[in-house]
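Architecture and fold: a report
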Amino acid sequence: LCLQVPELEKATVRIRQPERVRGIIQSLREQGVAKLQVISDFDMTLSRFGCNGRRCPTSHNILDTSRVVSEDGKKKLKDLLHYYYPIEIDPNRTLEEKRPLMVEWWTKAHELLVQQKIHKGDIAQIVRESEAMLRYGHGMDGFKEFFDQLHKNNVPLFIFSAGVGDILEEIIRQANVFYSNVNVVSNYMDFNDDGVLTHFRGPLIHTYNKNNTVLQGTGYFQQLSTRTSIILLGDSMGDLTMADGVPSVENILKIGFLNDKVEERRGKYLDSYDIVLESDETLDVVNGILRYILAE
């Protein structure tokens, strides 16, 4: 397989069942580009986890730490993070335990943001001033090759995010890769006639309900019913259900970015994802696989 996709030689790559993965990649190629769709998480999957020894911001972080949030608001949001994030990634808690706590976290955070009277017109500048970074690659712009390859080949890219839709769309827009084949489902802000944030539009999407329960009425996957080959990209256990709304899946390749607490969570990730990328800030492996599948 490494002959076809040399990127799989990288030291960051872990695969529990190489033969099975080889088979899936082969099938994806044989089924052809017309059957392919990509379903991806955004924060810490398409965006970087770390940069220059620091954590890169998620779409929520970008807002939480920006100048449009008061010092008091920043402190309260940080307190929420310190309380709930350890719960979110705790390998010893069940999803049933986590779900209501995640709803609680997101709801409180969104309420705090609404109190800040954020202006729609400030969002582009907030993103511009942030340290948001999309994943890089061989030629530095790994994300550009990723979005370009999919766009050129008319492969639909579905970004399913528990982040803030307005922010992540702006990141993609400023990176000049917001093409027509990109669709986003996320938590969007609603603004009043004066352009001030009044609430977040439902349904609430958090780390552990990224499945068809929040896709009702979008009809997205139904329109793509012939696209039965899936590449799924995620960085958490909650991302594994993102393709649940696809009416018929013939082949699915699940690629997981294991960014944090690598030793502790490795086993779980290897059980659930076909390919696990440990502390890898690039899209090299994903791009290498796409290059092989999309090659004439």
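Residues numbered from 1 in each chain as written. Predicted model: local features only at pLDDT ≥ 70, side-chain atom pairs only at ≥ 80, totals over all residues. Heavy atoms only, no water.

Mapped onto the fold, Ser-66 is located in the loop between α2 (59-64) and α3 (71-89). We classify Ser-66 as buried; its relative accessible area is 8%. Spatially, the C-alpha atoms of Ser-66 and Asp-271 are 38 Å apart, while their sequence positions differ by 205 residues. Among residues more than four places away in sequence, those in contact with Ser-66 are Lys-74 and Ile-126. (Helix = DSSP H or I, 4+ residues; strand = E, 2+ residues; numbered from the N terminus. Buried < 20%, exposed > 50% of the residue type's maximum accessible area, 1.4 Å probe, protein only. Contact = heavy atoms within 4.5 Å.)

If you walk through the whole model with that rule in mind, you get 26 salt bridges. A salt bridge links Arg-99 to Glu-96; the nearest nitrogen and oxygen atoms lie 3.7 Å apart. Within this pair, Arg-99 and its partner Glu-96 are both found in helix α4 (residues 95-115), separated by 3 residues, close to a single helical turn. Among the residues examined, Glu-96 registers a relative accessible area of 55% and is labelled exposed. Salt-bridge contacts for Arg-173 lead to Glu-169; the nearest nitrogen and oxygen are separated by 3.3 Å. Of this pair, Arg-173 and Glu-169 are both found in helix α7 (residues 165-174), 4 residues apart, which corresponds to roughly one turn of the helix. Note on Glu-169: relative accessible area 19%, which makes it buried. The network of salt bridges with shared partners includes Arg-14, Glu-263, Arg-266 and Glu-278. (Salt bridge = Lys/Arg side-chain N within 4 Å of Asp/Glu carboxyl O.)

A few words on the side chain of Gln-37. Here Gln-37 lies in strand β2 (residues 36-40). Here Arg-227 takes part through its backbone oxygen, which lies 3.1 Å from a polar atom of the side chain of Gln-37. (Polar contact = N/O pair within 3.5 Å; in protein donor to acceptor, adjacent residues only side chain to side chain.)

Sheet architecture is open: 7 strands sit in the order β1-β11-β10-β9-β2-β5-β6, paired in mixed fashion. Each end of this open sheet is capped by a strand with a single partner; those strands are β1 (13-14) and β6 (182-187). Across 6 bridges, the pairing between strand β9 (residues 229-234) and strand β10 (residues 251-258) is parallel. Pairing of Leu-233 across the sheet is with Ile-255, part of β10. Those strands touched by helix α1 (residues 18-31) are β2, β9, β10 and β11 (275-278), and its axis lies near 125° from that of β10. (Pairing = 2+ DSSP bridges. Axes fitted to C-alpha atoms, helices over the stretch in contact; angles between N-to-C directions.)

The next thing to look at is the state of the cysteines. Should the sulfur atoms of two cysteines be covalently bonded, the bond is a disulfide. Tallied over the full model, the rule gives 1 disulfide. Linked covalently through their sulfurs, Cys-51 and Cys-56 form a disulfide whose S-S length is 2.1 Å. Every disulfide takes its handedness from the sign of the S-S torsion; for Cys-51 and Cys-56 that torsion is 135°, giving right-handed. Of the two residues examined, Cys-51 and Cys-56, each falls in the buried class. (Disulfide = S-S within 2.5 Å.)

So, about the nonpolar core. Nonpolar side chains in soluble globular proteins tend to be buried together. Phe-146, Phe-147, Ile-159, Ile-231 and Ile-289 are the most contacted members of the largest nonpolar core, which totals 92 residues. Both of domain 1 (6-52 + 133-294) and domain 2 (54-128) provide at least three residues apiece to this core. Contacts of Phe-147, omitting those with residues within four sequence positions, involve Leu-46, Leu-157, Ile-159, Ile-172, Val-177, Tyr-179 and Val-182. (Core = buried A, V, L, I, M, F, W, Y, C linked by side-chain atoms within 4.5 Å. Domains from an automatic or database assignment.)

What follows concerns the packing of aromatic side chains. Overall, the coordinates contain 9 aromatic pairs when judged by the stated rule. Ring geometry for Trp-105 against Trp-106: centres 5.0 Å apart, planes inclined by 65°, an arrangement best described as edge-to-face. Relative accessible area serves as the criterion here: at 11%, Trp-105 is assigned to the buried category. Given the relative accessible area of 8%, Trp-106 is considered buried. Plain terms: the ring middles of Phe-158 and Phe-221 are 5.0 Å apart, the flat faces sit at 65° to each other, and that makes the pair edge-to-face. Highlighted residues: Phe-158 in strand β5 (residues 157-164) and Phe-221 in helix α8 (residues 220-223), separated in sequence by 63 residues. (Phe/Tyr/Trp six-rings, centres within 6.5 Å; stacked < 30°, edge-to-face > 60°.)

This part takes up the domain arrangement of the chain. A common way to state how big an interface is: give the accessible area lost once the parts meet. For the chain, the domain assignment lists domain 1 (6-52 + 133-294) and domain 2 (54-128). The partner domain 2 presents 31 residues to the 37 residues of domain 1 that form the contact. Buried area between domain 1 and domain 2, summed over both chains or domains, comes out near 3100 Å², and the portion from carbon and sulfur atoms is 67%. On inspection of domain 1 and its partner domain 2, the count reaches 0 salt bridges. Those elements that place two or more of their residues in the side of domain 1 that touches domain 2 are β3 (50-51), β5, α7, β7 (189-191), β8 (197-200) and α9 (262-272). Looking at which element gives the most residues to the side of domain 1 that touches domain 2, the answer is α7, with 6 residues. Partitioning the side of domain 1 that touches domain 2 into residue classes produces 17 nonpolar, 10 polar and 10 charged. (Buried area = accessible area lost by both parts, 1.4 Å probe. Nonpolar A, V, L, I, M, F, W, Y, C, P; charged D, E, K, R; others polar.)

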